[in-house]
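Below are the chains, spelled out letter by letter.
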Amino acid sequence: GLEGWRHSGLVVPQPGGPAPKSVVTAAGTPPPLHWPALGTALSNQVERGGYWRDPDLTLAKLAAELDMNSTLLSRTMNEGLGQNFNEVINRMRVAWVKQRLADPSERRDLLEIALEAGFNSKASFNRCFKAFTGKTPTEYRRLSVP
């Protein structure tokens, strides 16, 4: 374990890639991470991958899907996005539901749309939707569709 820690700041050259630059500072520690950029990249990756639609999604499951450590994933969300795991995922779900409700041709039941977005129950859907939009899903649909 100590040997791995001792070499943690070394840069390993990648085959066919450019020569690596040192990532170790003069003090012998890696440079600080830029959390906002990491958070944005992570959010984009989660959104593009549609992971948020999984009703059984957990921090550990998402970390495994993204091939990263769950502690780093959590810290990236907290420090990079200023939100915890549940907030990030539920905001993506609510944003998707808002798009559906703004579509005049969308006439499906609210619960059906919520379940498709990854919510497990009507209660959690209504609570999150109201928290993020300030309106209930029914109010939002009524005000969005002409």
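Just above sits the structure.
So, a few notes on the structure that sits alongside this text. The model shown is predicted, which means the values in this text are computed figures rather than measured ones. (Residues numbered from 1 in each chain as written. Predicted model: local features only at pLDDT ≥ 70, side-chain atom pairs only at ≥ 80, totals over all residues. Heavy atoms only, no water.)

1. Some thoughts on the packing of aromatic side chains
Aromatic ring pairs: the centre-centre distance and the angle between the two ring planes describe each pair. With the rule as written, the count across this model stands at 4 aromatic pairs. Considering the side-chain rings of Trp52 and Trp96, the 6.1 Å spacing of their centres and the 50 degrees angle between planes classify their relative orientation as tilted. Note that Trp52 is positioned in the loop between α2 (35-49) and α3 (59-65) and Trp96 in helix α5 (residues 85-102), a separation of 44 residues in sequence. Each residue in the set Phe119, Phe125, Phe129 and Tyr140 is aromatic and connected to the rest through ring pairs, giving one cluster. Lying over the aromatic face of Trp96, Arg53 brings its terminal NZ or CZ to 4.5 Å of the ring centre. (Phe/Tyr/Trp six-rings, centres within 6.5 Å; stacked < 30°, edge-to-face > 60°. Helix = DSSP H or I, 4+ residues; strand = E, 2+ residues; numbered from the N terminus. Lys NZ or Arg CZ within 6 Å of the ring centre and 35° of its normal.)

2. Description of the side chain of Asn90
Mapped onto the elements, Asn90 comes out in helix α5. Only 3.2 Å separates the side chain of Asn90 from the side chain of Arg93, close enough to count as a polar contact. Sequence-distant contacts of Asn90, defined by excluding residues within four places in its chain, comprise Phe119, Cys128 and Phe132. (Polar contact = N/O pair within 3.5 Å; in protein donor to acceptor, adjacent residues only side chain to side chain. Contact = heavy atoms within 4.5 Å.)

3. Observations concerning the nonpolar core
Among the nonpolar cores identified, the biggest contains 26 residues, and Val46, Leu62 and Val97 are the most heavily contacted of them. Elements represented by at least two residues in this core include exactly α2, α3, α4 (70-81), α5, α6 (110-117) and α7 (122-133). It is α5 that provides the largest number of residues to this core, a total of 8 residues. Those residues within four positions of Val46 in sequence are excluded, and the remaining contacts are Tyr51, Trp52, Leu62, Leu66, Ile89 and Met92. (Core = buried A, V, L, I, M, F, W, Y, C linked by side-chain atoms within 4.5 Å. Buried < 20%, exposed > 50% of the residue type's maximum accessible area, 1.4 Å probe, protein only.)

4. Here we look at α5
Taking 1.5 Å of rise per residue, 18 residues should cover 26 Å, and α5 covers 26 Å from first to last C-alpha, within 8% of that figure. All of the buried residues in α5 are Phe85, Val88, Ile89, Asn90, Met92, Arg93, Val94, Trp96, Val97 and Leu101. On its buried face, α5 is in contact with α2, α3, α4, α6, α7 and α8 (137-144). (Expected span 1.5 Å × (residues − 1).)

5. Section: the pattern of salt bridges
Counted according to the given criterion, the structure contains 6 salt bridges. When the shortest N-O distance is used, the salt bridge between Lys61 and Asp54 registers 2.7 Å. Given the relative accessible area of 35%, Lys61 is considered partly exposed. Between Arg108 and Glu106 there is a salt bridge; the shortest N-O distance is 2.8 Å. Here Arg108 falls in the partly exposed class, since its relative accessible area comes to 24%. If you follow the salt bridges from partner to partner, you end up with Arg53, Glu106, Arg108, Glu112 and Glu116 in one network. (Salt bridge = Lys/Arg side-chain N within 4 Å of Asp/Glu carboxyl O.)

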